[in-house]
Amino acid sequence: MPSIVVLVSGSGSNLQAIITAIVKQQLACEISLVIADRECLALTRAETAGIATCLLERKHYGANLSQQLAAIIPEETTLIVLAGFLSILSADFCCRWQNKIINLHPSLLPLHGGAGMWGMKVHQAVVNSGESESGCTVHYVDGGIDSGSIIAQRRLKLNAGETPQSLQERVSELEHPLLIEVIEQLITGTITNWNSY
Ligand code: GRF
């Protein structure tokens, strides 16, 4: 059975989508461990689902966080999923798990990514830009910030009067099925180049 590790820092709605997909047998894998870099609702969601958790407090570990992660992530892990994880992983860690770490970002990368671009800042930047569309991206994680190869995107048209808050809600609805779809394709080895629509 493929085994995934999920890294979280926030509300955990994407983690919840993965848990639900496993329960509904839409995803044939197990979550062996959920790791957080701060106290967050996502940890509670994992505990409620009976999943093993670990808190590696970023304020305590600082630049050594990746070393701690490397020490506790099981060798046999099929995929590491960053689902709203806000710490930056070291180049060594990314190299060890090359093509086995994916991240979800709430914009159409390469637009609106990079240092400091997370949460509402991303949606505010999209609205400020006057662009007519946005969406979300799943990409491999390399040593940079939001710079790894894009695996899949989903897009939406901005509505008249769209606000950062409304955009966040609409993008979030796209993120959950996209993430499940990509995980399914990666753990079954059926990923193709269909992935931008
Ligand atoms: C998502 O918008 C994701 O794109 C970004 O962080 C957010 C996590 O949301 N990387 P949640 O914690 O899964 O609700």
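Residues numbered from 1 in each chain as written. Predicted model: local features only at pLDDT ≥ 70, side-chain atom pairs only at ≥ 80, totals over all residues. Heavy atoms only, no water.

## Let's talk about the side chain of Asp146
With respect to the helices and strands, the residue Asp146 is situated in the loop between strand E6 (133-140) and strand E7 (150-157). Despite its burial, Asp146 pairs with no opposite charge, the nearest such side chain being Lys121 at 11 Å. A polar atom in the side chain of Asp146 sits 2.9 Å from the backbone nitrogen of Gly114. Those residues in contact with Asp146, other than ones at most four positions away along the chain, are Asn103, His105, Leu109, Gly113, Gly114, Met117 and His139. (Helix = DSSP H or I, 4+ residues; strand = E, 2+ residues; numbered from the N terminus. Buried < 20%, exposed > 50% of the residue type's maximum accessible area, 1.4 Å probe, protein only. Lys, Arg positive; Asp, Glu negative; His and termini not counted. Salt bridge = Lys/Arg side-chain N within 4 Å of Asp/Glu carboxyl O. Polar contact = N/O pair within 3.5 Å; in protein donor to acceptor, adjacent residues only side chain to side chain. Contact = heavy atoms within 4.5 Å.)

## Looking at the pairing of strand E2 (residues 30-36)
Counting buried positions over the 7 residues of E2 gives 5, a clear majority of the element. Direction of pairing for strand E1 (residues 3-8) relative to E2: parallel, over a ladder of 6 bridges. If you follow Val5 over to E2, its bridge partner there is Leu33. Each parallel crossover has a hand, and the one from E1 via helix H1 (residues 13-23) to E2 is right-handed. Looking at chain direction, E2 and strand E3 (residues 53-55) are connected through 3 bridges and run parallel. By the bridge assignment for E3, Val34 is matched with Thr53. Following the chain from E2 across helix H2 (residues 41-48) to the adjacent parallel E3, one finds a crossover that is right-handed. (Pairing = 2+ DSSP bridges. Right-handed = clockwise from strand over helix to strand, strands pointing away.)

## What to know about the site of the ligand
Within the structure, the ligand sits among Gly10, Ser11, Gly12, Ser13, Asn14, Gly84, Leu104, His105, Pro106 and Glu175. Side-chain polar atom of Ser13 to an oxygen atom of the ligand: 2.6 Å apart, as the coordinates give it. Calculation on the ligand without its partners gives an accessible area of 370 Å², and the protein chains cover 79% of this total. For the shell around the ligand, the secondary structure elements donating two or more residues are H1 and strand E5 (101-105). Considering only residue class, the shell around the ligand consists of 2 nonpolar, 7 polar and 1 charged. (Near = heavy atom within 4 Å. Areas by Shrake-Rupley, 256 points an atom, 1.4 Å probe, with all protein chains shown as cover. Nonpolar A, V, L, I, M, F, W, Y, C, P; charged D, E, K, R; others polar.)

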